[in-house]
Structure formats: C-alpha cells, structure tokens
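Residue-level listing of the chains:
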Amino acid sequence: MADSPIDTLPPRASSNVVLQPTGWPQPKGYANGIKARGDLLFIGGMVGWDERGRFPADFVGQTRQLLANILAVMAEGGASAQHIVRMTWYVRDMDEYLRARPALGEVYREVMGDHYPAMALVAVTRLVEPEARLEIETTAVVPD
C-alpha cells in the first residue's frame, strides 16, 4: 500500500450523520442509520485472506485480516474507515460469531477505530471460499 498514490492525498473528513430516533435505545457496535452525501464506494464481499490467498485459522484472525482488506480497497478510492456507512456481515456459524463477540469488538476497534456504521449480520450455510469463516460487503461515502 505504501506505493499507492492515495498515500499522498490528505484524508477527507466525514460528513456522515448518524440517524438515531428519539427514545430508541442506543445500539452497541453499529448505527441504526447513516445520512451521507458524496462519492459512493461499493466494496464487494471481502474475505479474510492475505495477499497470497492464505486464511488465518480462527474467526477473529480472519475478521482482523478482512477488515484490513476492506480498508486497503477503500484507500484506493480515497476513503478510510470513517467513510463507511454500511456493512453486511455474512457468517457461516452464528454460534462461532457470538462466542467471539468480545474479541471481535476489540479487533474491530483496533482496525476500524470508534466508527460504527449501519450493519446487518446474516448467517449463511456456505461461502464461495471453503476456508472463509465470514464475508463482509461494505458501502462508503466520501464527501465532495
């Protein structure tokens, strides 16, 4: 990534607005909605493999790599974690996800910071890559 021309550009601030209806409980680790305006970035379903196609053995390790992969693609579009407005997580085993939640929260904050977009979590029976434990689609908006 160090050779990317995007590394020389200053980061653009996010103008996203979190949508939180009055009286609703504050969600933990996600937002109910986001309002944004700017250039749209759509990041296809990413998995947690490295640049050589190797997967960490565990769910948390794959999540860490997957989030880093998302940020690498976003950097190519001049975006960073603060520009993410929506993520859809597809997991093969919901029980595995639930057991890993405390560690996942730490990894998420380590890689993404304290930015929580609108999110959905879906259990699926299969992913294209047999070793993948999860896949994430991401949408970001970079302000004009």
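This structure is a prediction, so every number in the text was calculated from the model and none was measured.

Colleague: I'm lost on the pattern of salt bridges in this one. Help?
Modeller: Opposite charge on two side chains lets them pair, provided their charged atoms get close. For the coordinates displayed, the defined rule picks out 3 salt bridges. Between R64 and E110 there is a salt bridge, with its nearest N and O atoms 3.2 Å apart. Taken together, the positions of R64 in helix α1 (residues 59–76) and E110 in helix α2 (residues 94–112) put the pair 46 residues apart, joining distant regions of the chain. The class of E110 is exposed, set by a relative accessible area of 54%. We note a salt bridge from E96 to R133, for which the minimum N-O separation is 2.7 Å. Linking E96 in helix α2 with R133 in the loop between β5 (118–123) and β6 (134–142), this pair joins segments that are 37 residues apart in sequence. Here R133 falls in the buried class, since its relative accessible area comes to 17%.

Colleague: Quick question: what am I supposed to make of the layout of surface pockets here?
Modeller: One water molecule sets the probe size; rolling that probe over the atoms shows where empty space is left. Its volume calculated, the largest pocket comes out at about 410 Å³. Lining the largest pocket are 15 residues, with K28, G29, Y97, R101 and M119 positioned closest to its centre. Listed by contribution, the elements that provide at least two residues to the lining of the largest pocket are α2 and β5. A total of 7 residues in the lining of the largest pocket trace back to one element, the largest contributor, which is α2. In terms of residue class, the lining of the largest pocket is made up of 10 nonpolar, 2 polar and 3 charged.

So, how was this worked out
Residues numbered from 1 in each chain as written. Predicted model: local features only at pLDDT ≥ 70, side-chain atom pairs only at ≥ 80, totals over all residues. Heavy atoms only, no water. Salt bridge = Lys/Arg side-chain N within 4 Å of Asp/Glu carboxyl O. Helix = DSSP H or I, 4+ residues; strand = E, 2+ residues; numbered from the N terminus. Buried < 20%, exposed > 50% of the residue type's maximum accessible area, 1.4 Å probe, protein only. 1 Å grid on protein atoms, 1.4 Å probe; cavity = no way out; pocket = protein on both sides within 12 Å on 5 of 7 lines; lining within 4 Å. Points joined across faces, edges and corners; volume = space filled by probe spheres on them. Nonpolar A, V, L, I, M, F, W, Y, C, P; charged D, E, K, R; others polar.

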